[in-house]
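Notes for the structure review
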Amino acid sequence: MLTFTVRRLLYGALLLFVIVTLAYLLLYAAAGNVGRTILGPTATQATVALKNQQLGLNSPLISRYFSWLGHALTGNFGSSWFTNQPVTTAIFARMQVTLTLVFGAVIVSAVLSAVLGVWAALRGRWVDRSVQVFTVLGFAIPGFIIAVFLVRYLALGTHWFKPTGYVPLATSFTGWIRTVTLPIIALSIGLIAGVAQQVRSSVMDALRQDWVRTLRSRGIPERSVLFRHVLRNAGGPALSVLALSFVGLLGGAVIIEEVFGIPGLGQIAVLATSEGDVPLVMGLVVAIGVIVIVVNLVIDLLQGFLNPKARIS
Amino acid sequence: MTEAAVSGVVAPDITSDIRAARSHLARRFLKSPVGVTALSVLVLIVLAAIFAPLLTSYNPNDVSVLNVLQGPGAGHLLGTDGAGRDVWARLLYGARYTLAGALLATVVAAVLGITSGLVAGYYGKWFEAASSWVITLLMALPGIVVLLAARAVLGPSLWTVMIIFGVLLAPAFYRLVYAAVSGVRNELFVDAARVSGVSDFRIISRHILTVVRAPIIIQGSIVFGIAIAVQVGLDFLGFGDQSIPTWGNMLNDGFTNLYRDPQLVVWPGLAIVLTTVALTLFANALRDELEQSARPGRRRRAAAGATAADPAGPDSDTVVHEAPDSSAQAPLLDVEGLAVGYLQADGSVTRVVNDVSLDIRRGEVHGLIGESGSGKTQTAWSVLRLLPAGGEILHGSVRFDGEDLSRVPEAKMRDIRGRRIAYIPQEPMSNLDPSFTIGSQLTEPMRIKLGLSKSEAKAKALGLLGQVGIPNPERTFASYPHELSGGMAQRVLIAGAVSCEPDLVIADEPTTALDVTIQAEILDLLRELQQELGVTILIVTHNFGVVADLCDRVSVMQKGRIVETGPARAIFADPQHPYTRSLFDAILDEGQARGPYAESRS
């Protein structure tokens, strides 16, 4: 288990290294005259040259890359070109907001898709039909369209929820609920659709297995047969779907945050890329890469917990 | 001989099979109402985009400061947007750009993914390793972030963004084609074609691409939907080319004016929803048809086990070798006139057990023998009331210790299962839950049924594992089912069956799935346990050797009915019913029959 974890972490680090290197080289190769971009067309040649020198852009790309990498390994990602705020400070606060939304969506989706999937598998008939229809719609309709409709009809219509902004949990619980509920719904629906579909078919599959009959023949209560045994066996494939959707969920959060005006990673990603703020973009690439790698590792470990055959000793 | 002739000779049947299956698929798809509706909606949307100039007289980019945010009507079918542009015209022309952009991404993804998947799957080697690395790389970053960065560098062109997104989506096709090709690569017909000197190109196009064509269409429509979503998303963020009408730009404009005219977001929203839902339904319908043609007419398992039961009346012609039990004790299990049937899709009921009567006395081993499909397993499951879905007891009674099990409530039945009647299944490996340790599966019933504590249950389980002849109980206790051999797993299942000290154990062909040497060991074990615990056993089997080895009394079953019953010794000595005799003959045909009951039991 430990060697497995270490090996996966090393592999993840290697992957991250490749992504970061490619991103660095491509972004700087395409960045053009950075000083001019920052200072605008009215600045004189001399000040532009001075700015470039201050940013250390006159040294060769490769040596700049290694210097950046050295600093990055110590946790120093430089400062934003436009605000001079350290990249780590800019990202950290916003990462919490985005992770709240994303993990909120993962938890909500995991619970609801387990309930819907099991319900559809057991009841059949109209319950199954309704879950199927929901699944198709949830899969087909992009999350931010749902977000736009939620703002249009729920936030503007009822005033229960705030159409924009974010209130941290520490500040006010009701404020937090009123700001995060709609974004989490918008993020979750597509995920629930995919995972519930998978839960449904794997529960139906598991219920046909011989060991279900044998468990029942031992007089195990139906509750335990379903929720302890069948659901655990159906959990593996569902978890894989969840894992595959996670990267998409982070991408979805970028747009959803814009819809609801939430100050998360998405908002800063939009800002940094539109301004061409390369240090900030690099910081984001690292942050998102780390999140994806850690989440995938956690899911692999969970997978091993659910399915003993997948365990690597 | 030309290449074409060779490949024609080598695999004529396969190609024609595939071709037949394909035209079949298309024809059946056209019969699916959902699929046809979805396809028609898609065709209408495409036609509306193509013939946009005929459907509106407005230019989608004509700005009019005087006509900003007008409602529907008054010359503008759906009103005007924040810059006074006609919404209906923008919707129609927007379809052109939105769909063309998504099509571009899909084509790029398909071309890249299919070619690299073919090369990696067919030739393998370093290309396979390299491409799987690139795929992992592409999948580790959210596409939208890459697109945002690319847009910052390359400018807001719809077409460049869609080409880059196509590259990011290539894994969707790569994985599909790679899996199909590496599966087919070593098929005999491909080998044969290769040996005959058919070029790789021909093999790929004739034998491999045909297999993945329908899945590629399905994947293509899903990818198309994703490309629409991402493109609209980027435009909605304001990152698109603002000079062209797209659905995303309309959504952006509508969202900016949300407080002044909340209706503006609805039109492009509906257009997007309609298109993506139609694409998904189209893909689903095609997939459903494809899956159905892959598994032709698989019958339900329950129905497969059911050879039509003899519809004749009560089994008055059952050969009985003894007078009714004269002892004062009532039988432990007394089945009377049992009939079991399965509800079919058309509402009719197929009978699999017809008027079975059995009596099993306390402390005896009773054999229920018959060939596959005679209804013996169905009878066993009826006693436990664990018939598969659709199966039910039609009439008759299952009297266990004086109580009719066919009528007790489910909760009561659950108390009886495990505690009073236990079950040993036929196939050991599929009857243990793969996700739990042996220990956890053994202790769970004991803790529920006997109210033991965790440590008491563990001690008892270890004792049982030793008792059923497992050499290292501690290790097996901590193992998972996949770590055991079949014989070990069957011992574990036997330990589980007797763990709650039941009165009756129903063993359903407990040795059929095992190696011959293990079979004898398991039968010895059952005999030992029966003698030690004094438990009553109903053993279902098709093997007279098992009966000779273990049973005190036997019932012979054919076509859902009991045809002969009595003490094993009497039936061995003097089989009356022709079916019983034919079962004996079957053993003699195998050459090595076990000795008669009396000798083997010493």
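What counts and what doesn't
Residues numbered from 1 in each chain as written. Chains lettered and ligands numbered in written order. Predicted model: local features only at pLDDT ≥ 70, side-chain atom pairs only at ≥ 80, totals over all residues. Helix = DSSP H or I, 4+ residues; strand = E, 2+ residues; numbered from the N terminus. Buried ≥ 20, exposed ≤ 12 C-beta atoms within 10 Å, placed from the backbone. Contact = placed C-beta atoms within 7 Å. Core = buried A, V, L, I, M, F, W, Y, C linked by C-beta atoms within 7 Å. Pairing = 2+ DSSP bridges. Nonpolar A, V, L, I, M, F, W, Y, C, P; charged D, E, K, R; others polar. pLDDT = per-residue confidence, 0-100. Axes fitted to C-alpha atoms, helices over the stretch in contact; angles between N-to-C directions. Left-handed = near helix turned anticlockwise from the far one by under 90°. Parallel < 35°, antiparallel > 145°, perpendicular 65-115°, else oblique.

Thoughts on the overall build of chain A
A tally of regular secondary structure across chain A gives 12 helices and 0 strands. When the helices and strands of chain A are placed in sequence order, the string is α-α-α-α-α-α-α-α-α-α-α-α. Principal-axis analysis of the C-alpha atoms places the extent of chain A at approximately 85 × 55 × 35 Å. Going through the 313 residues of chain A one by one, you find that 41% of them count as buried. For chain A, the proportion of contacts with a sequence separation of at least 24, taken over those separated by at least 6, is 72%.

Thoughts on the nonpolar core
Ranked by internal contacts, the top residues of the largest apolar core, which has 236 residues, are Ala 147, Ala 186 and Leu 284 of chain A together with Val 145, Ala 227, Val 505 and Ile 506 of chain B. Excluding residues that lie within four positions of it along the chain, Ala 227 of chain B makes contacts with Ala 102, Ala 105, Thr 106, Met 162, Phe 165 and Leu 169 of chain B.

Examining the sheet that holds strand 6 (residues 403-404) of chain B
Residue and element names in this part refer to chain B. Strand order across the open sheet formed by 4 strands is 3-2-5-6, with antiparallel pairing between neighbours. At either end of the open sheet lies a strand with only one pairing partner, and these are strand 3 (349-360) and strand 6. The sheet contact formed by strand 2 (residues 333-343) and strand 3 spans 8 bridges and is antiparallel. Paired with Asp 334 across the two strands is Asp 359, which belongs to strand 3.

Some thoughts on the interface of chain A and chain B
For an interface, size is often stated in terms of accessible area lost upon the parts coming together. Between chain A and chain B, the contact holds 53 residues from the first and 58 residues from the second. Secondary structure elements with two or more residues in the side of chain A that touches chain B: helix 1 (2-30), helix 6 (125-140), helix 7 (143-158), helix 9 (210-217), helix 10 (222-260), helix 11 (265-275) and helix 12 (278-306) of chain A. In terms of residue count, helix 10 of chain A provides more of the side of chain A that touches chain B than any other element does, 10 residues in total. Of the residues assigned to the side of chain A that touches chain B, the class counts are 32 nonpolar, 13 polar and 8 charged.

Some thoughts on the confidence of the model for chain A
Looking at chain A as a whole, its pLDDT mean stands at 84, while 98% of the residues score no less than 70. When pLDDT is averaged over each helix and strand of chain A, the minimum, 76, is found for helix 2 (residues 34-39) of chain A and the maximum, 90, for helix 9 of chain A.

Details of the environment of Ile 91 of chain A
Residues and elements named next belong to chain A. Its location among the elements puts Ile 91 in helix 5 (residues 87-123). The exposure class assigned to Ile 91 is buried, which follows from the 23 C-beta atoms found within 10 Å. Separated by 71 residues in the primary sequence, Ile 91 and Lys 162 place their C-alpha atoms 24 Å from one another. Excluding residues within four positions of it along the chain, Ile 91 makes contact with Gly 283, Leu 284 and Ala 287.

A word on the packing of helix 9 of chain A against helix 10 of chain A
When two helices pack together, their arrangement is given by the angle between the helix axes and the distance between those axes. All names here are of chain A. Put simply, helix 9 and helix 10 touch, their axes get as near as 11 Å, and they point 140° apart. Viewed along their axes, helix 9 and helix 10 form a crossing whose handedness is right-handed. Each of Val 212, Leu 215 and Arg 216 in helix 9 lies in contact with helix 10, whose residues at this interface are Val 225, His 229 and Val 230.

With respect to the packing of helix 16 (residues 438-449) of chain B against helix 17 (residues 454-467) of chain B
Residues and elements named next belong to chain B. Here helix 16 crosses helix 17 at 120°, and the two axes come no closer than 9 Å. As summarised for this structure, helix 16 and helix 17 are arranged oblique, according to the angle between their axes. Handedness of the helix 16/helix 17 crossing: right-handed. When helix 16 is examined against helix 17, the residues Gly 439, Leu 442, Thr 443, Met 446 and Arg 447 are found in contact with a partner set consisting of Lys 454, Ala 457, Lys 458, Lys 460 and Ala 461. Across the contact of helix 16 with helix 17, the residue classes tally to 4 nonpolar, 2 polar and 4 charged.

Examining the pairing of strand 2 of chain B
All names here are of chain B. Linkage of strand 2 to strand 3, two consecutive antiparallel strands, is achieved through a turn of 5 residues, within which Gly 347 is found at a positive phi near 90°. Alignment of strand 2 against strand 5 (residues 391-400), held across 8 bridges, turns out to be antiparallel. If you follow Val 335 over to strand 5, its bridge partner there is Val 398.

So, the sheet that holds strand 4 (residues 365-369) of chain B
The strands making up a sheet are joined through hydrogen bonds of the backbone, oriented either antiparallel or parallel. Residue and element names in this part refer to chain B. Across the sheet, which stays open at both edges, the 7 strands sit in the order 1-11-10-4-9-8-7 with mixed pairing between neighbours. In this open sheet, the two strands that pair with only one neighbour each are strand 1 (319-320) and strand 7 (421-424). Bridge count for strand 1 against strand 11 (residues 561-567) is 2 bridges, and the pairing is parallel. Opposite Val 320, over in strand 11, you have Thr 565 as the bridge partner. Docked against the sheet, helix 14 (residues 376-384) engages strand 4, strand 7, strand 8 (504-508), strand 9 (536-541) and strand 10 (553-558), running at close to 150° with respect to strand 8. Running at roughly 175° to strand 7, helix 19 (residues 486-498) makes contact with strand 7 and strand 8 of the sheet.

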